[in-house]
Amino acid sequence: MESDADDDVIIRPQHDMARGLTTWMLNRQPGVIVAKTRLTKPAPTSAKALKIHPGRDWFTALSGTVTLVLGDRRILVETGQAAEFSTMIPHAFGAHEGPAEILGILDQDGRRTHLRPLPKGGEGRSSAEEAAEG
């Protein structure tokens, strides 16, 4: 039986159905963030959906294939491969031809840009709301 007293141990998924994301925050220390994310929607196709911010992002594809959009480039990152890039390049990512799961590491700048508090109750918009946009 789960209780709120177990929140220091239990990692509950945070869902963002509208964006096709489910995220598990794997650490709680300030600074670098480690998160597992399940992607179900494709990367955006519009240039205005691409984001920039200070820092670097790193992720590895645990399953499926991820489309990484970096400026004008569309790069397929397959299971077992990893990607690392400057987030000053306009970027976004999403699932390619089916769900994909990634393990990502965000520095402090990436944390501020990608992660937002989850609404009370854990449903609705995810704390990783920006994750699909890189």
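It should be emphasised that the depicted structure is a prediction, and the values quoted were computed from it without experimental measurement.

Side note on the pattern of salt bridges
Under the definition given, this model contains 3 salt bridges. Close ionic contact of Arg38 with Glu101 constitutes a salt bridge, the shortest N to O distance being 3.6 Å. Of this pair, Arg38 sits in strand β3 (residues 33-39) while Glu101 sits in strand β9 (residues 100-106); the two residues are 63 residues apart in sequence, bridging distant segments of the chain. Of the charged contacts in the structure, one is a salt bridge between Glu84 and Arg56, with a shortest N-O distance of 2.3 Å. One end of the pair, Glu84, is in strand β7 (residues 82-86); the other, Arg56, is in strand β4 (residues 56-63), with 28 residues separating them in the sequence. In this structure, a network of salt bridges that share partners links the residues Lys36, Arg38 and Glu101.

Here's the deal with the nonpolar core
The biggest cluster of nonpolar side chains holds 14 residues, and the ones touching the most others in it are Leu39, Phe59, Val66, Leu68, Val77, Phe93 and Ile102. At the level of secondary structure, the elements contributing two or more residues to this core comprise β4, β5 (65-70), β7, β8 (91-95) and β9. The leading source of residues in this core is β5, at 3 residues.

Structural notes on the packing of aromatic side chains
Considering all chains together, one arrives at 1 aromatic pair under this definition. Directly above the ring of Trp24 sits Lys36, whose terminal nitrogen or CZ lies 4.0 Å from the centroid.

A few points about the pairing of strand β6 (residues 73-78)
Looking at chain direction, β5 and β6 are connected through 6 bridges and run antiparallel. Bridge assignment links Thr65 to a residue of β6, and that residue is Glu78. Hairpin connection of β5 to β6: 2 residues between the antiparallel strands, including Gly71 at a positive phi of 60°.

Quick notes on the sheet that holds β9
Spatially, β1-β2-β3-β9-β4-β7 is the arrangement adopted by the 6 strands of the open sheet, whose pairing is antiparallel. The sheet is open, and its two borders are formed by β1 (14-16) and β7, each paired with just one other strand. Averaged over all neighbouring strand pairs, the angle between strand axes comes to 20°, with direction disregarded.

Details of unusual backbone geometry
Among all residues save glycine, negative phi is the norm, and among peptide bonds the norm is trans. We note that Glu97 has phi near 55°; this positive angle belongs to a residue other than glycine. Note on placement: Glu97 falls in the loop between β8 and β9. Of the residues examined, Glu97 reaches a relative accessible area of 76% and is grouped as exposed.

As for the sheet that holds β6
A sheet is described by the order of its strands in space; here 3 strands give the open sequence β6-β5-β8, paired in antiparallel fashion. Whereas interior strands pair on both sides, the edge strands pair on one side only; in this sheet they are β6 and β8. Averaged over all neighbouring strand pairs, the angle between strand axes comes to 20°, with direction disregarded. Pairing geometry for β5 and β8, over 5 bridges, is antiparallel. Its bridge partner being in β8, Thr67 is matched across the sheet by Gly94.

Reading the values: rules and limits
- Residues numbered from 1 in each chain as written.
- Predicted model: local features only at pLDDT ≥ 70, side-chain atom pairs only at ≥ 80, totals over all residues.
- Heavy atoms only, no water.
- Salt bridge = Lys/Arg side-chain N within 4 Å of Asp/Glu carboxyl O.
- Helix = DSSP H or I, 4+ residues; strand = E, 2+ residues; numbered from the N terminus.
- Core = buried A, V, L, I, M, F, W, Y, C linked by side-chain atoms within 4.5 Å.
- Buried < 20%, exposed > 50% of the residue type's maximum accessible area, 1.4 Å probe, protein only.
- Phe/Tyr/Trp six-rings, centres within 6.5 Å; stacked < 30°, edge-to-face > 60°.
- Lys NZ or Arg CZ within 6 Å of the ring centre and 35° of its normal.
- Pairing = 2+ DSSP bridges.
- Axes fitted to C-alpha atoms, helices over the stretch in contact; angles between N-to-C directions.

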